[in-house]
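# An overview of the molecular structure
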Amino acid sequence: MSDHYERVKIELQQMKAVESEAAADKEQLSPASVTSVPAEVSFAARRDLSRSSINGRSRSKSRSKADGHERQVNGKQLSDLTPQKSDYSQEKGQSRLSNEQNIKGTLRLLKGKTAANGHVESCQREKDLKCEHHGKEDGSKVAKKRRAVTVDTSKAKTSLEALKMSIRQLKWKEFPMGRRTACDIYWHGVSFHDNENIVSGQVNKFPGMIEMLRKINLSRAVRTMQELFPEEYNFYPRSWILPEEYQLFSTQIRLLKDNDSTLKPTFIVKPDSGSQGDGIYLIRDPADLRVISGSQIKQAVVQEYIQKPLLIDKLKFDIRLYVLVRSLEPLEIYIAKEGLSRFCTEPYQEPSQKNLSHVFMHLTNYSLNVHSGNFVHSDSCSTGSKRTFSSVLYRIASKGVDIKKVWSDIIALVIKTVIALVPELKVYYQADIPPGKPGPTCFQILGFDILLMKNLKPVLLEVNANPSMRIEHEQEVSPGVYEYVPSPVDEEVKVGVIRDTLRLMDPAQRNQHVTSNTEGGSPEDAIVVETGSDEKESLTDSLPSLCLKQVFPKYTKQFNYLRVVERIAAIFLRFLGVKGTMRLGPTGFRTFIRNCKLSNSSFSMASVDILYIDITRRWAGMLPDSREAGMSLQAFIEAFFYLAARRFKAVLLREQVLLLLEVCEGALEGQSHSEKPRPQRSHPTQSSAPNAFSSPALTRRHHLRHQPLQLSAKANTEN
Ligand code: ADP
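About the criteria used
- Residues numbered from 1 in each chain as written.
- Predicted model: local features only at pLDDT ≥ 70, side-chain atom pairs only at ≥ 80, totals over all residues.
- Heavy atoms only, no water.
- Near = heavy atom within 4 Å.
- Polar contact = N/O pair within 3.5 Å; in protein donor to acceptor, adjacent residues only side chain to side chain.
- Areas by Shrake-Rupley, 256 points an atom, 1.4 Å probe, with all protein chains shown as cover.
- Helix = DSSP H or I, 4+ residues; strand = E, 2+ residues; numbered from the N terminus.
- Nonpolar A, V, L, I, M, F, W, Y, C, P; charged D, E, K, R; others polar.
- Buried < 20%, exposed > 50% of the residue type's maximum accessible area, 1.4 Å probe, protein only.
- Pairing = 2+ DSSP bridges.
- Right-handed = clockwise from strand over helix to strand, strands pointing away.
- Phe/Tyr/Trp six-rings, centres within 6.5 Å; stacked < 30°, edge-to-face > 60°.
- Core = buried A, V, L, I, M, F, W, Y, C linked by side-chain atoms within 4.5 Å.
- Contact = heavy atoms within 4.5 Å.
- Axes fitted to C-alpha atoms, helices over the stretch in contact; angles between N-to-C directions.

An unreviewed UniProt entry lists the protein under the name Tubulin polyglutamylase TTLL11, with Culter alburnus as the source organism.

The following block contains the structure:
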């Protein structure tokens, strides 16, 4: 660890030097504007702050409960998967041939590690040195070729440290106080709006991403997809939105229990805008819901609790995967080959009335578990309470698990989730950056939280718009006194993700044409197929290979048929206009009906108005914090589903919707020919979602609201 400290200290000094150089740069903002920049943007000041102790920090309530439990947990007990061994090097000698392929696959994931000896231990120091060495050789070459890419880091907040390291490795130019003239890239810590009035370049946040990823909105977006594609979207636990679905939830659970008295489902209640486990609790009966807080009804999601997670060392863990949405139009998604696994600190037991409140047993949040006396900080990536995902894959591969399948299921989960989010993101995008007006383009790193069930099926827990990019962690140096110290595991994963995101967003790179792999290939290939050669050639070849793997458009062929709602959104956007609004007025809705030729003798314009009022009013009640009046995209989708079901009676919802889309797109296309051509620039709201669908056979009745309730808790027991 002392080596690591030395290295970090040197890096900090170098970074401070770079910062003071940058501060002296005459392109910086004037001193007058600098004073208005919050103190946190100063790296030195921030560092001092982060070093300061947190005295008498209040602990989580459940701490005392967990303290009463067995302390010896991490790395000391045997895994459920590894009943005899805890050390991989011991296991290696005995692993069977069939496992070797899996392990080989895992090795491909272990970027920058000495795979030959089979060790999972981090080779971070060695890798960094290699990287620095290459960086030196490379810097001058790049400088000769073209000017350094400029990055405004003034709003980077907690990602600042990892960002600085990345910029340094790339030999790019940082502007920690902002810049009078435009930068190529703006790095925001929270939202698209952290810096207003950006008219060019690229911003690392999409407008509306925070809103879309709040628990209720994510559940709604996934649910819409579940209505159309129930089997494809069964990776998200059954959820109810509170307070509006309280009655539905109570009734369904009562019926479920009446039908099968052996069932003992558990539910997890999550406040809508909560994070880091705040306000989360488990219940076994709807009557235990704490729906009211003061005089207010709490907005929350209540979700089926996954009772049988995969355990390692008897502990529940989840996976944090970093996903880059590089562009909405065309849709481009990358997944980081390396992620983090966050472990609970109390051995897992299936939920019972007695252990429901044991947060260190049921919740994997780092921010909670770090306050357990059992939390293990480790310099190794394969032990402790926070490990690399590849070390976990390694561990399970050595037990014969088909990790290629696990990885491909995870890729599918990620692509499907992003496909569910894109329609509404396009509405936000058009409202903030109307086509034809100057504005930046956007990209964003998302944090996917995924749980592996005992049967290895990945389950989506949530998606974070602002995943923590901190590379230090809090450590208790003496009782009640905490300090921030470097965390090698975080550094290994997060610096790679930021650096490679920057590499992909390099303006020279970005101008290159993105090709879709029309051959398709299966997501399973992702584990063995390295970065496409077109990416490789154009990137600085002396840096480590990209840790971000393109999965879309690479797997367009397998997933494009799911992009149905995006086509509905394209119609919505067309009638919304470009006035910065997100709601369709009654006239816009009427024009949609008229232009798509949807009204006839049995569906008059008066009925159209009633439909508009009915649906819009109901959705206004469900989106109480919305400031705009009119029909939201979600409400429009509901109207579209209704119109589809009304027109095409005897078929499935998905088929009805596809048929109505064809009618609408056909009618609108006819009109487009007689209109002026639209601007050439590809804007995220000009849909590239396919018009022709190569969808698999449409054979199921699947309107979710009419489906019998089945919980995976039950399905689990059958696996
Ligand atoms: P937060 O944003 O507050 O972290 P999450 O949805 O990530 O909320 O939930 C917190 C933790 O609770 C997760 O990290 C996971 O350990 C656990 N958890 C969440 N949802 C479920 C679920 N449906 N089944 C089992 N565990 C869950």
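Past the structure itself, the notes keep going.
## Let's talk about the site of the ligand
In the neighbourhood of the ligand, 23 residues make up the surrounding shell, with Lys 270, Gly 277, Thr 364, Asn 365 and Glu 462 lying closest. A distance of 2.9 Å is found between a nitrogen atom of the ligand and a side-chain nitrogen or oxygen belonging to Lys 316. Within the side chain of Asp 318, a nitrogen or oxygen atom sits 3.4 Å from an oxygen atom of the ligand. Here the ligand, which alone exposes 540 Å², has 99% of that area covered by the protein. Looking at the shell around the ligand, the elements with two or more residues in it are β7 (267-271), β11 (300-304), β13 (315-327), β18 (444-452) and β19 (458-464). Among the residues making up the shell around the ligand, the classes are represented as 8 nonpolar, 8 polar and 7 charged.

## Considerations on the pairing of strand β2 (residues 150-155)
Most of β2 is tucked away: 5 of the 6 residues are buried. As paired strands, β2 and strand β3 (residues 173-175) are joined by 3 bridges and run parallel to one another. Paired with Val 151 across the strands is Glu 174, a residue of β3. Crossover β2 to β3 through helix α8 (residues 160-170) is right-handed. Pairing between β2 and strand β4 (residues 185-188): 3 bridges, direction parallel. Pairing of Val 151 across the sheet is with Ile 185, part of β4.

## Focus: the side chain of Glu 346
Note that Glu 346 resides in the loop between β15 (340-343) and α12 (359-362). Here His 358 takes part through its side chain, which lies 2.8 Å from a polar atom of the side chain of Glu 346.

## A word on the side chain of Lys 386
For Lys 386, the position within the fold is in strand β16 (residues 386-388). Polar contacts involving the side chain of Lys 386 include one to the side chain of Asp 490, which spans 2.9 Å.

## Details of the packing of aromatic side chains
Inspection of the entire model under this criterion finds 18 aromatic pairs. Measuring from ring centre to ring centre gives 5.9 Å for Trp 240 and Phe 267, while their planes differ by 80°; the resulting arrangement is edge-to-face. Here Trp 240 is found in strand β6 (residues 239-242), whereas its partner Phe 267 is found in strand β7, with 27 residues between them in sequence. As far as burial versus exposure is concerned, Trp 240 and Phe 267 are alike and both buried.

## Quick look at the nonpolar core
Phe 448, Phe 589, Phe 592, Phe 636, Phe 640 and Val 657 are the most contacted members of the largest nonpolar core, which has 115 residues in total. Setting aside chain neighbours within four positions, we find Phe 448 in contact with Ile 319, Arg 320, Leu 321, Val 323, Leu 413, Val 414, Thr 417, Val 418, Leu 460, Glu 462 and Val 463. Ranked by size, the runner-up nonpolar core spans 34 residues in total, among them Ile 185, Ile 445, Ile 498 and Met 505.

## Some remarks on the sheet that holds β6
Overall, antiparallel pairing links the 4 strands, which are arranged β6-β11-β7-β8 in an open sheet. The sheet is open, and its two borders are formed by β6 and β8 (281-283), each paired with just one other strand. Across the sheet, the mean angle from the axis of one strand to that of its neighbour is 25°, orientation sign disregarded. Strand direction decides the pairing type here: β7 and β8, joined by 3 bridges, are antiparallel. Across the sheet, residue Ile 268 finds its bridge partner in β8, namely Leu 282. Those strands touched by helix α10 (residues 215-228) are β6, β7 and β11, and its axis lies near 135° from that of β6. Sitting on the sheet, helix α11 (residues 246-259) touches β6, β7, β8 and β11, and the angle it makes with β6 is about 145°.

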